Amino acid sequence: FSLPFFPADEVIRKRLLIDGDGAGDDRRINLLVKSFIKWCNSGSQEEGYSQYQRMLSTLSQCEFSMGKTLLVYDMNLREMENYEKIYKEIEGSIAGAHEKIAECKKQILQAKRIRKNRQEYDALAKVIQHHPDRHETLKELEALGKELEHLSHIKESVEDKLELRRKQFHVLLSTIHELQQTLENDEKLSEVEEAQETSLEMDPKP
Amino acid sequence: MTIFSQSVSPCGKFLAAGNNYGQIAIFSLSAALSSEAKEESKKPVVTFQAHDGPVYSMVSTDRHLLSAGDGEVKAWLWAEILKKGCKEMWRRQPPYRTSLEVPEINALLLVPKENSLILAGGDCQLHTMDLETGAFTRALRGHTDYIHCLALRERSPEVLSGGEDGAVRLWDLRTAKEAQTIEVYKHEECSRPHNGRWIGCLATDSDWMVCGGGPALTLWHLRSSTPTTIFPMRAPQKHVTFYQDLILSAGQGHCINHWQLSGELKAQVPGSSPGLLSLSLNQQPAAPECKVLTAAGNSCRVDVFTNLGYRAFSLSF
């Protein structure tokens, strides 16, 4: 006969899985049933008593085994709960790790940007270094300016001296000319006087 | 095969690559990066013939893929591009001075503030095209030889262009005039006359600009027009970009070089192509799982770097 709610092969499968080789509780229960029947049909009092004891021991063995299975079942349930808890924790930490990864990726991008900026700065700095320092160039410019001023002063003073000398020479030359003129005039005058005198001598008085 | 250009879709999940045969291939980055990626995920979802000549440059707006190469710029709708037999939405050609030879377009640049596209290439001019009306608004003249690359200076609406004539020119978009010129080859520290004076790649970070090509890869401070750091790389670099605190560059040679602004080489990551021509960083906010660096060049492969330190895998045309 087959139970109305369980398909026969399922039951057989389950029973085979649990206790296929027949060397366990199933066998014990079968033996108990057989020994119960034997005990009912037993003859002497002693045999019956020993049979009875034997049956009690088998029963207690069965109870013990059942108790063990119940405890194992309980333990499994609790293990399952424990695993569920750990599973949830791990899920949480995975989500946290994902967020951290995203955060770190952003930081990497930021760091790359900073590195790029630094390198651009370095590149420009190198070029700028090749040009001389602004302070020095300004100082050089100042020094050159001062020299220029100094030299132009000297030039001015030299030109003034030149002017003065020129004027002095001019005065000198004009004085010489005047003297020359005066001397020539005097010579001419004396020549004329001489000529007059000789003409008087040549021409005797009437 | 040579892959010249790459562009990421606005949703961040697809990558378009253009090659020298004029084809554009669309790869699905989300499929190739997913955990169930198979070999087919590394092949293009769709490939189509876009131009008659090589596709030198591509950019993406929030709805369109713009590609240019043989003198024309074409627009493709990203929403339709995965269907077979996709047709271009529109095609435009900037007003060229001579109609005999159509010069190629080497570089495209989007200016989001004024919703316009800048094209530059063989005719030595920068043309601005308004994306809404399709009209060509400005033609900036100044370069004496063809233009290789463009970069946008976000804060002030300025565009930098580098060309074969060895000069990097800064154009103010409001006045349509040249604001600054840096003739890289004239500076002794970075010029390498045996390589030529051409500027192959350009990138800017508002106050700083890095450029390379014939002359050595150099970091410039724009306001004072002084070269501050010279990166000791012998091979001419074809693509350079700023990324976080690094400068990534690639060119002849199969490695992507990671430089610090101080001039130190932080890392050299090998790729699978013998030379690299373009790098693309997928930083679209809509697809953070597809945040990769892709590199392509003188081969049919596009290397994908999920972590900048090593090549994860390669997509193949």
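What counts, and at which threshold
Throughout this document, residue positions are counted from 1 along each chain, in the order its sequence is written. Ligands are numbered from 1 and chains lettered from A, in the order in which they are written. Local features are withheld for residues below a pLDDT of 70 in this predicted model, meaning they are given only at 70 or higher, and side-chain atom pairs are given and counted only at 80 or more; totals for whole chains, interfaces and linings count all residues. Side-chain figures throughout are based on the complete set of non-hydrogen atoms in the structure, without hydrogens or water. Secondary structure elements are taken from DSSP: a helix is a run of H or I of four residues or more, a strand is a run of E of two residues or more, and numbering for both begins at the N terminus. In this description the radius of gyration comes from C-alpha coordinates, and the expected globular size is given by 2.2 Å times residues to the power 0.38. Here the accessible surface of atoms and residues is derived via Shrake-Rupley with a 1.4 Å probe, and residues count as covered only by protein chains that are part of the display. Lys and Arg are tallied as positive, Asp and Glu as negative. Neither His nor the chain termini are counted. For charged residues, the charge sits on one atom: NZ in Lys, CZ in Arg, CG in Asp, CD in Glu. Only protein chains enter the calculation, and the probe is 1.4 Å; a residue is then buried if its accessible area is under 20% of its type maximum, exposed if over 50%, and partly exposed in between. Contact criterion: two residues are considered in contact whenever any of their non-hydrogen atoms come within 4.5 Å of each other. To count toward a patch, a residue needs a relative accessible area above 30% and no salt bridge. Like charges then connect within 9 Å, nonpolar side chains (Val, Leu, Ile, Met, Phe, Trp, Tyr) within 5 Å. When a carboxyl oxygen of Asp or Glu lies within 4 Å of a side-chain nitrogen of Lys or Arg, that pair is called a salt bridge. Joining two parts hides part of their accessible area as seen by a 1.4 Å probe, and the buried area is that hidden amount summed over both. Under the rule applied, a polar contact is a pair of N or O atoms within 3.5 Å (in protein, one hydrogen donor and one hydrogen acceptor; residues adjacent in sequence only if both atoms are side-chain atoms). Under this grouping Gly is polar, as are all residues other than the nonpolar Ala, Val, Leu, Ile, Met, Phe, Trp, Tyr, Cys and Pro and the charged Asp, Glu, Lys and Arg. Throughout, nonpolar core names a set of buried Ala, Val, Leu, Ile, Met, Phe, Trp, Tyr and Cys residues whose side chains join them through atoms within 4.5 Å. Take the number of residues in a helix, subtract one, and multiply by 1.5 Å to get its expected span. Note on ring pairs: Phe, Tyr and Trp rings are taken, using the six-membered ring of Trp, and paired if centres are within 6.5 Å. Classes follow the plane angle, with under 30 degrees stacked, over 60 edge-to-face and the rest tilted. The score called pLDDT rates the predictor's confidence residue by residue, from a low of 0 to a high of 100. DSSP bridges decide pairing: two strands pair if at least two such bridges lie between them.

A count of helical and extended segments in chain A gives four helices and zero strands. Tracing chain A from N to C terminus, the helices and strands come up as α-α-α-α. Radius of gyration (C-alpha) of chain A: 72 Å, far over the 17 Å computed for a compact globule of 206 residues. Surface summary for chain A: the accessible area is close to 19,500 Å², and the carbon and sulfur share equals 61%. Both charge centroids of chain A, one from 31 positive and one from 39 negative side chains, sit 22 Å from each other.

Turning next to the overall build of chain B. Counting its secondary structure elements, chain B contains one helix and 28 strands. For a compact globule of 317 residues, the expected C-alpha radius of gyration is about 20 Å, and chain B comes in at 19 Å, within 12% of that figure. Overall, the C-alpha framework of chain B stretches about 55 × 45 × 35 Å when taken along its three principal axes. Taking all 317 residues of chain B together, 58% fall into the buried category. A separation of at least 24 residues holds for 45% of the contacts in chain B among residues at least 6 apart in sequence.

What follows concerns a negative patch on the surface. A contiguous patch of negative charge, built from A:Glu184, A:Asp186, A:Glu187, A:Glu191, A:Glu193, A:Glu194, A:Glu197 and A:Glu201, is present on the exposed surface. If you trace the backbone, A:Glu193 turns up in helix α4 (residues 134-202).

Taken residue by residue, the interface counts ten residues in chain A and 14 residues in chain B. Interface of chain A and chain B: buried area, both sides summed, is about 1,200 Å²; carbon and sulfur atoms make up 54% of it. Between A:Arg115 and B:Asp245 there is a salt bridge, with the nearest N and O atoms lying 2.7 Å from each other. Across the chain A-chain B interface, the total number found is six residue pairs in polar contact (both at pLDDT 80 or more). Classifying every residue of the side of chain A that touches chain B gives four nonpolar, one polar and five charged.

Membership of the largest hydrophobic core comes to 17 residues, with the highest contact counts inside it found for B:Ile3, B:Leu15, B:Ala17, B:Phe27, B:Leu29, B:Val302 and B:Leu315. Those elements giving two or more residues to this core turn out to be β1 (3-8), β2 (14-19), β3 (23-28), α1 (29-33), β27 (301-305) and β28 (313-316) of chain B.

We now examine a nonpolar patch on the surface. There is a patch of nonpolar side chains on the surface, built from A:Ile29, A:Val33, A:Phe36 and A:Ile37 and spanning about 360 Å² of accessible area. Inspection of the secondary structure assignment puts A:Ile37 in helix α2 (residues 25-40).

With that settled, consider helix α3 (residues 45-130) of chain A. Compared with an ideal rise of 1.5 Å per residue, which puts 86 residues at 128 Å, α3(A) spans 123 Å between its outermost C-alpha atoms and is within 8% of the ideal. Along α3(A), the residues classified as buried are A:Gly48, A:Gln51, A:Met55, A:Thr58, A:Cys62, A:Ser65, A:Lys116, A:Gln119, A:Glu120, A:Ala123 and A:Val127. Where α3(A) is buried, its residues contact α2 of chain A together with β18 (208-213), β20 (226-230), β21 (237-243) and β23 (255-260) of chain B.

Moving on: unusual backbone geometry. All names here are of chain B. The backbone of Ser206 shows a phi angle near 70°, a positive value even though the residue is not glycine. Taking the relative accessible area as the measure of exposure, Ser206 reaches 16% and is therefore buried. Unlike most non-glycine residues, Gln244 shows phi in positive territory, near 50°. In this structure, Gln244 sits in the loop between β21 and β22 (246-251).

For any pair of aromatic rings, the description consists of the separation of the ring centres together with the inter-plane angle of the planes. Applying the stated rule across the entire model yields six aromatic pairs over all chains. Geometrically, the ring pair formed by B:Phe27 and B:Phe317 is edge-to-face, given 6.3 Å between the ring centres and 80° between the ring planes. Highlighted residues: B:Phe27 in strand β3 and B:Phe317 in the segment after β28, separated in sequence by 290 residues. Neither residue differs from the other here; B:Phe27 and B:Phe317 are each classed as buried. Aromatic ring contacts, followed pair by pair, group A:Phe36, A:Trp39 and A:Tyr52 into a single cluster.

Reading fine detail from the predicted coordinates is not recommended where pLDDT is low. With 93% of its residues at a pLDDT of 70 or more, chain A shows a mean pLDDT of 87. Within chain A, no element has a lower average pLDDT than helix α1 (residues 8-19) of chain A, which sits at 77, and none a higher one than α4(A), at 93.

Here the focus is the pairing of strand β24 (residues 265-270) of chain B. Residue and element names in this part refer to chain B. The pairing of β23 with β24 spans five bridges and is classified as antiparallel. Pairing of Cys255 across the sheet is with Pro270, part of β24. Taking the residues between adjacent antiparallel strands as the criterion, β23 and β24 are bridged by four residues, where Gly263 takes a positive phi near 105°.

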